[in-house]
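Coordinate analysis (summary)
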Amino acid sequence: TAPMPKPDQMRVMVVANQKGGVGKTTTTVNLAAALAVSGLRVLVVDLDPQGNASTALGIDHHAEIPSIYDVMVEETPVSDVVQKVEEIEGLWCVPATIDLAGAEIELVSMVARESRMRKALDQHLQSPGVDYDYVFIDCPPSLGLLTVNALVGGDEVLIPIQCEYYALEGLSQLLKNIDMVRAHLNRDLAVSTILLTMYDGRTRLAAQVADEVRRHFGDTVLKTAIPRSVRISEAPSYGQTVMTYDAASSGALSYLEAAREIAERGASGSSHEELIHG
Ligand code: ADP
Ligand code: MG
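Please read these numbers as outputs of a predicted model, since none were measured by experiment.

Time to look at the overall build of the chain. From N to C terminus, the chain includes 12 helices and seven strands. Compactness check: the chain gives a C-alpha radius of gyration of 17 Å against a globular reference of 19 Å for 278 residues, within 12% of the reference. For the C-alpha atoms alone, the extent of the chain along its principal axes is close to 50 × 40 × 35 Å. Sorting the 278 residues of the chain into buried and exposed places 51% on the buried side. A separation threshold of at least 6 residues defines the contact pool for the chain, and within that pool the share at least 24 residues apart is 79%.

By size, the foremost hydrophobic cluster in this structure holds 93 residues, and its most contacted members are Ala32, Leu35 and Val42. A per-element tally of this core places helix α1 (residues 24-37) first, with eight residues. Excluding its chain neighbours within four sequence positions, the residues that come into contact with Leu35 are Met4, Leu40, Val42, Asp133, Tyr134, Ala259 and Ala263.

Taken in spatial order, the seven strands make up an open sheet running β3-β4-β2-β5-β1-β6-β7, and their pairing is mixed. Unpaired on one side and paired on the other, β3 (83-84) and β7 (190-197) mark the two borders of the sheet. Examined bridge by bridge, strand β1 (residues 11-15) and strand β5 (residues 134-138) share five bridges and lie parallel to one another. Bridging from a neighbouring strand, Met13 pairs with Phe136 of β5.

Moving on, we get to helix α8 (residues 204-217). Along its 14 residues, α8 runs 20 Å from first to last C-alpha, staying within 8% of the 20 Å computed at 1.5 Å per residue. Looking at α8, one finds that the buried residues are Ala206, Val209, Val213 and Phe217. An end-on view of α8 places all buried positions within 65° of arc, on one side of the element. Pointing more than 90 degrees away from the buried face of α8 are the exposed residues Arg204, Gln208, Asp211 and Arg215. Looking one or two residues beyond α8, the residue adopting positive phi is Gly218, at roughly 55°.

Reading the values: the criteria
Residue numbers restart at each chain and count upward from 1, following the sequence in its written direction. Following the order in which they are written, the chains are lettered starting with A and the ligands numbered starting with 1. Only residues with pLDDT of at least 70 are given local features in this predicted model, and only at 80 or more are side-chain atom pairs given and counted; all residues enter the totals for whole chains, interfaces and linings. The way it works is that DSSP assigns letters per residue, a run of H or I at least four long becomes a helix, a run of E at least two long becomes a strand, and they are numbered from the N terminus. When we talk radius of gyration, it's over C-alpha atoms, and the globule rule is simply 2.2 Å times the number of residues to the 0.38. Counting other C-beta atoms within 10 Å of each residue's C-beta, where C-beta atoms are placed from the backbone, gives the exposure class: buried for 20 or more, exposed for 12 or fewer, partly exposed between. Distance between backbone-placed C-beta atoms decides contact: two residues are in contact if it is within 7 Å. When buried Ala, Val, Leu, Ile, Met, Phe, Trp, Tyr and Cys residues are joined through C-beta atoms within 7 Å, the set is termed a nonpolar core. Between any two strands, at least two bridges found by DSSP are needed for them to pair. By this rule the span expected of a helix is its residue count minus one, scaled by 1.5 Å. By construction, the arc corresponds to the directions joining the helix axis to the C-beta atoms.

Here is the structure:
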């Protein structure tokens, strides 16, 4: 197969959907791993107090570990908290610990509370020797200050949508918030990518949901849908992504294919203006 195209500029992708259980974390770690095993350099920022992305990447994130909490609240440099993912060359992670659960409230009274992530990331990404191709930020299941910080700190939003009942519920609220961030805090933010997750080809419901999402969002939706797969759901309990847990599984192959689509169409493959205002 052809090599995975390297972006001209680093792409910071915010994986967001305020619904829980739609596949944000699974998508974050597996796309990141897929790009890394394809030869690119990738950083995952875990921004969920649950620390599921850290777990899935086999990264220690018990309470005393320096984490994204220290970065956002104590202004600790990202370089002091970033850890290398042992299993996969070219993959790094900024872990989240349970401390982060308090940050949502602590941030409220802080200076520049919406842009603390951006400031920290910019500082890190501009330092010598740091050159990622992709940064993925895994958001918590809410639209609070943590998610706002991610949206202010990113270039693109990737929205995973679970092929289930009520798939589109809550999306207009998410898009409204993104619009607000664009208007006031980060003009260049774009909803570049929508990914259908947990697709079960045997059910009519999944096909109907997929059709509806595609009708609604057009080319922003990746052609690749991620199938429901036991291998994908088993991998995190071994501290692994599906890319190393079972590289030949349909789950691994579909995340590779989705990663390739993202890489090949580049940062501008979306119709986000239309998406938000249309
Ligand atoms: P979120 O981060 O949006 O809360 P997760 O990525 O944690 O969602 O996924 C929710 C649950 O669904 C997890 O238990 C995860 O293992 C499982 N899951 C996610 N994607 C798939 C898939 N394609 N096939 C099977 N299980 C999946
Ligand atoms: Mg999650």
